[in-house]
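# A structural walkthrough
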Amino acid sequence: MKPLIKGALIAMLPLVLSCASCKSKSVSHPAKSLSSAYSTYFDIGAAVTAGEWGFDSLTHYPASLLAEFSSLTAENCMKPDALQKTKGSFTWSFGQRLVDYAKENNKRLRGHTLVWHNQTPDWMAKNASSKEEARENMKVHIETILKKWDEKDIYCWDVVNEAINDGAAEVYRNDSPWFKVYGGPEFIRDAFIFARSANPKVKLLYNDYNVVNQPKRNHIVTMIKELKLIEDGLIDGVGIQAHWNLDWPSISTIDQTIKTFAAMGLTVHITELDIKTKENQQGLLEKRYREIFEVFRANADHIESVTFWGVADDHTWLTDFTKYVNFPFLFDVEGKPKSSYFIVRDFAQNHEGK
Ligand code: G3I
């Protein structure tokens, strides 16, 4: 080989080697947004409001910020008490705004949630005079919603939310009004049956928090098997809420949890990601998001969607829920990208492999 060519090839070697660590899935130039950086991995989503209770994400945040996300989830306006506060009277306006906005902006919309023990009007389950009445209430609720919005409007639903017990002893959350009026967990199976028969083209998921805790994870596996949700073709995936901390859960636990449901043939959605963080802990947050998105990318074949439970630090449920104000997201209180944003978006440039 001519010395000149040989020399040139040797000089190029570091470039070739460094690019070798940029796996085929990553972009070769700085991506313009989170969703474009992850377009070959999974949707990047955010929970949003549509003006119910006075906060409207769609006008509060600039279009350029909302363009970072390829998926949306209604934070509150599609929950049972928001859609059907009084029996037979549905409030569609806020949800319809999200459906229209998602279509106009080429985003996918996740439905949250059809059956829950919280934010559910008492008439639906708690004050129902019998299991049969509660069952009929659930059937009408689910069928009406899936008739109003089809799979082109909302491609998947968190059909049942948080029905599993946190502790090791009991499998099911028995303080749920649905569990009480049914006298057991059959309401979960009914919810999936009603949703599946209302529209077989919509993806159906079970959604919960602390799914990474082994006892709860095992309970969810037990529930899915006991109620024959996979066997009878009723469920498509599991939503892992991911309300996590700077040092919990471990990366290996996250990896194991994703793989547990993937091994059952279920798709995984990370549905409500936020990291409890104080304003002066943003360096720790950077490190945390780096390792979390590394394990998400490593499991991209099993993960369909990763949704933050908010857009920016100025609006997070954590402020009410924890004892200190929280700064959990990739965008600050003014909607500007934080250092964590660039860590998550520019992984390819940082030669972080897959
Ligand atoms: O209905 C009242 C309204 O009348 C009042 O004017 C307004 C004043 O702000 O508050 C309205 O209700 C609040 C609602 O959010 C809307 O802001 C409720 O008091 C408040 O409890 C409710 O919190 C929501 C919470 O679910 C309820 O459990 C949060 O926004 C929402 O982020 C949070 O989301 C849940 C997921 O759905 C399931 N996973 C856990 C996650 C965090 O709790």
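Everything below is about the structure printed above this text.
Residues numbered from 1 in each chain as written. Predicted model: local features only at pLDDT ≥ 70, side-chain atom pairs only at ≥ 80, totals over all residues. Heavy atoms only, no water.

Here we take up the overall build of the chain. Secondary structure summary: the chain contains 14 helices and nine strands in total. Expressed along its principal axes, the backbone C-alpha trace of the chain runs to roughly 90 × 40 × 40 Å. The long-range fraction of contacts in the chain, counting pairs at least 24 apart against all pairs at least 6 apart in sequence, stands at 78%. Roughly 15,200 Å² of accessible area belongs to the chain as shown, and the carbon and sulfur atoms make up 55% of that amount. (Helix = DSSP H or I, 4+ residues; strand = E, 2+ residues; numbered from the N terminus. Contact = heavy atoms within 4.5 Å. Areas by Shrake-Rupley, 256 points an atom, 1.4 Å probe, with all protein chains shown as cover.)

This next bit is on the packing of aromatic side chains. With the rule as written, the count across this model stands at 21 aromatic pairs. The interplanar angle of 65° and the centroid separation of 6.2 Å between the aromatic rings of Phe69 and Phe331 together place this pair among those described as edge-to-face. Of this pair, Phe69 sits in the loop between α4 (63-66) and β2 (71-74) while Phe331 sits in the loop between α13 (318-321) and α14 (339-345), and the two are 262 residues apart along the sequence. Judged on exposure class, the residue Phe69 and its partner Phe331 are both buried. On the numbers, 4.4 Å between centres and 40° between planes, the contact of Trp317 with Phe321 is tilted. The exposure class assigned to Trp317 is partly exposed, which follows from its relative accessible area of 25%. The lysine or arginine in question, Lys216, covers the ring of Tyr209, its NZ or CZ lying 3.5 Å from the ring centre. (Phe/Tyr/Trp six-rings, centres within 6.5 Å; stacked < 30°, edge-to-face > 60°. Buried < 20%, exposed > 50% of the residue type's maximum accessible area, 1.4 Å probe, protein only. Lys NZ or Arg CZ within 6 Å of the ring centre and 35° of its normal.)

A separate point is the side chain of Glu272. With respect to the helices, strands and loops of the structure, Glu272 is situated in strand β8 (residues 267-276). Buried and unpaired, Glu272 has Arg110 as its nearest opposite-charge partner, separated by 6.8 Å. The contact partners of Glu272, leaving out residues within four places of it in the chain, are His112, Asn207, Ile240, Gln241, Ala242, His243, Thr307 and Trp309. (Lys, Arg positive; Asp, Glu negative; His and termini not counted. Salt bridge = Lys/Arg side-chain N within 4 Å of Asp/Glu carboxyl O.)

For the pair helix α11 (residues 251-262) and helix α12 (residues 282-298), the least separation of the axes is 10 Å and the interaxial angle reads 25°. Of the possible angle classes, the one that applies to α11 and α12 is roughly parallel. Viewed along their axes, α11 and α12 form a crossing whose handedness is right-handed. Residue-level inspection shows Ile251, Ile254, Asp255 and Ile258 of α11 in contact with α12, the latter providing Arg288, Glu291, Ile292, Val295 and Phe296. (Axes fitted to C-alpha atoms, helices over the stretch in contact; angles between N-to-C directions. Parallel < 35°, antiparallel > 145°, perpendicular 65-115°, else oblique. Left-handed = near helix turned anticlockwise from the far one by under 90°.)

When the terminal C-alpha atoms of helix α6 (residues 93-104) are compared, their 16 Å separation across twelve residues agrees well with the 16 Å that a helix rising 1.5 Å per residue should span. Within two residues after α6, Asn106 carries a phi angle of roughly 55°, on the positive side. (Expected span 1.5 Å × (residues − 1).)

Where burial is concerned, most of strand β3 (residues 108-115) is hidden: seven out of the eight residues are buried. In the sheet, β2 pairs with β3 via three bridges, with the strands oriented parallel. The residue of β3 that forms the bridge with Leu72 is Leu109. Relative to strand β4 (residues 156-161), β3 runs parallel, the two sharing four bridges. Within β4, the residue paired with His112 across the bridge is Asp158. With helix α7 (residues 131-148) bridging β3 and its parallel neighbour β4, the resulting β-α-β unit is right-handed. (Pairing = 2+ DSSP bridges. Right-handed = clockwise from strand over helix to strand, strands pointing away.)

Before going further, it helps to examine unusual backbone geometry. The step from His112 to Thr113 runs through a cis peptide bond, and the omega angle for that step is -10°. When you line up the elements, Thr113 lands in strand β3. For the bond running from Trp248 to Pro249, omega is -5°, close enough to zero to count as cis. In this fold, Pro249 is placed in the loop between β7 (243-245) and α11. Phi at Trp53 takes a positive value of approximately 60°, unusual for a residue other than glycine. Note that Trp53 resides in the loop between β1 (43-48) and α3 (57-60). Look at Asn106: it is not a glycine, yet its phi comes out positive at around 55°. Mapped onto the fold, Asn106 is located in the loop between α6 and β3.

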